[in-house]
Amino acid sequence: MFFEGGFTMDENQKVVLTGIKPSGDLTLGNYIGALRNLKPMEALGTCYYWVADMHAITVRQDPADLRRRTLTLIATYLACGIDPEKSVMFVQSQVPAHAELGWILNCYSYMGEMSRMTQFKEKSAKLKDDSITVGLFDYPVLMAADILLYQTDLVPVGVDQKQHLEIARDIAIRFNNAYSPTFKVPEAYIPPVGAKVMSLQDPTSKMSKSDEAGDTGCILLMDSMDDIRRKFKRAITDLETEVRYDPEKKPGVSNLMTIMSCMTGKSLDDIAREFAGVGYGDFKMAVADSVVDVLAPLQAEVKRLLADKGYLAGILKAGAERASYVANKTLSKVKKKVGFVMP
Ligand code: TYM
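Calculation notes
- Residues numbered from 1 in each chain as written.
- Predicted model: local features only at pLDDT ≥ 70, side-chain atom pairs only at ≥ 80, totals over all residues.
- Heavy atoms only, no water.
- Core = buried A, V, L, I, M, F, W, Y, C linked by side-chain atoms within 4.5 Å.
- Buried < 20%, exposed > 50% of the residue type's maximum accessible area, 1.4 Å probe, protein only.
- Helix = DSSP H or I, 4+ residues; strand = E, 2+ residues; numbered from the N terminus.
- Near = heavy atom within 4 Å.
- Polar contact = N/O pair within 3.5 Å; in protein donor to acceptor, adjacent residues only side chain to side chain.
- Areas by Shrake-Rupley, 256 points an atom, 1.4 Å probe, with all protein chains shown as cover.
- Nonpolar A, V, L, I, M, F, W, Y, C, P; charged D, E, K, R; others polar.
- Axes fitted to C-alpha atoms, helices over the stretch in contact; angles between N-to-C directions.
- Parallel < 35°, antiparallel > 145°, perpendicular 65-115°, else oblique.
- Left-handed = near helix turned anticlockwise from the far one by under 90°.
- Contact = heavy atoms within 4.5 Å.
- Phe/Tyr/Trp six-rings, centres within 6.5 Å; stacked < 30°, edge-to-face > 60°.

On to the nonpolar core, then. Note on soluble globular proteins: their nonpolar side chains tend to be buried together. Counting 59 residues, the largest nonpolar core has L28, Y31, L35, Y77, F232, I259 and F283 as its most contacted members. Here the element with the most residues in this core is helix α13 (residues 280-306); it accounts for 13 residues. Formed by 42 residues, the second largest nonpolar core is a distinct cluster that contains M143, V157, A172 and F175.

Now for the site of the ligand. In the region of the ligand, 28 residues are neighbours, and Y139, D146, D160, V197 and K209 sit closest. Within the backbone of G29, a nitrogen or oxygen atom sits 3.2 Å from a nitrogen atom of the ligand. Note that an oxygen atom of the ligand is positioned 2.4 Å from one of the side-chain N or O atoms of D160. Here the ligand loses 98% of its free accessible area of 710 Å² to cover by the protein chains. Counting residues per element, the ones that place at least two in the shell around the ligand are β3 (14-20), α1 (28-33) and α8 (134-148). Taken together, the residues of the shell around the ligand sort by class into 13 nonpolar, nine polar and six charged.

It is the contact of α8 with helix α9 (residues 162-178), at a shortest axis distance of 9 Å, that shows an interaxial angle of 70 degrees. With respect to each other, α8 and α9 are oriented roughly perpendicular. Relative to α9, the crossing made by α8 is right-handed. On the side of α8, the interface is formed by Y139, P140, M143, A144, I147 and L148, while α9 contributes H164, L165, I167, A168, I171 and A172. Looking at the contact of α8 with α9 residue by residue, the class counts come to 11 nonpolar, one polar and no charged.

Relative to the helices and strands, V294 is located in helix α13. Sequence-wise, V294 and M263 are 31 residues apart; in three dimensions their C-alpha atoms are separated by 6.7 Å.

With that settled, the discussion passes to the packing of aromatic side chains. In this structure the tally under the stated criterion is 10 aromatic pairs. Taking 5.8 Å as the distance between ring centres and 20 degrees as the angle between the ring planes, the aromatic pair formed by W50 and F90 counts as stacked. Pair noted here: W50 is in strand β4 (residues 45-51) and F90 is in strand β5 (residues 88-91), with a separation of 40 residues, a long-range link. On the accessibility criterion, W50 (3% relative accessible area) is buried. Taking relative accessible area as the criterion, F90 reaches 0% and is therefore assigned buried. Pairing F275 with F283 gives two aromatic rings, centres 5.1 Å apart and planes at 65 degrees, and the pair type is edge-to-face. Note on accessibility: F275 and F283 belong to one class, buried. Every member of this aromatic cluster is reached through a ring pair, and the members are Y48, W50, F90 and Y150.

Below is the structure:
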């Protein structure tokens, strides 16, 4: 198959897709759960790696911050090694098919199933009724549209997105059954280690970019090396002295071991052996060092790329064109099937 702009696609290749929301500065959780897995997946076929800015505005955003984070996210994808010639990188709001299919799929999704979404329940519980937007409620439907537009096979995400993936599959199957096969039914790819990085201050809750700014529980990808070391130094452990993986009984230490494993490629067993008899203070500093070793070069590359706004704008323009071409094909099929008169 040949796409406009010299972009070819083998029928046997997989379609891999994921989006990240620029609603806060990127965290080590985003890196471990999603970003670090994206480069290897480029070998599987065509990848769509993009910025979910329309999802970000489901809660109020400062416009200047949203723009800055959107560009930083594109620079971060690139710094993680994503090849913009091979993969399709774009900003969701620049591909109108997402909003269009999102609306159509709203009419094939139900209030009941949306009300059961854990993320909606958790996020809305923190807000007053008149500040919970309809967009926040509807968020999983737009996410289904994002995925289904590209006939996606695999969606690399952290475990917190699993329920949204299940809804996308349900909506695809429902639509296919109501008409005829239209959407590929996607699979989640959840990494075996690091699918849920926990807060360093409360290792029973997820490390999250929506945590309070400056929260010592959350490592931001662009944190200074001093801040990273300081946050690890204060990380919560337990009253024992043994570096052992046991997420139930030792959530803090297990989380630190997971982080180190993802940063170094060492297995959890190897880490337990290496730190047998070592005190928690020294272990925490070794984890911090493993994170600094990965983030220092990544940050330098992000900063270098951010200095060249013209280069980033070019990537986004080409990406939006390539994405729109594929997305519009699916969208046209959907419009015909539901009975819209085509121009
Ligand atoms: P977002 O922006 O909240 O998170 C981006 C990715 O990072 C993962 N992640 C984590 N993984 C491990 N540990 C953590 N503490 C952690 N925190 C975040 C998330 O699982 C995700 O993979 N709804 C999505 C954006 C989106 C999307 C899509 C993703 C919109 N449409 C279509 C895939 C396909 C989101 O808010 O991710």
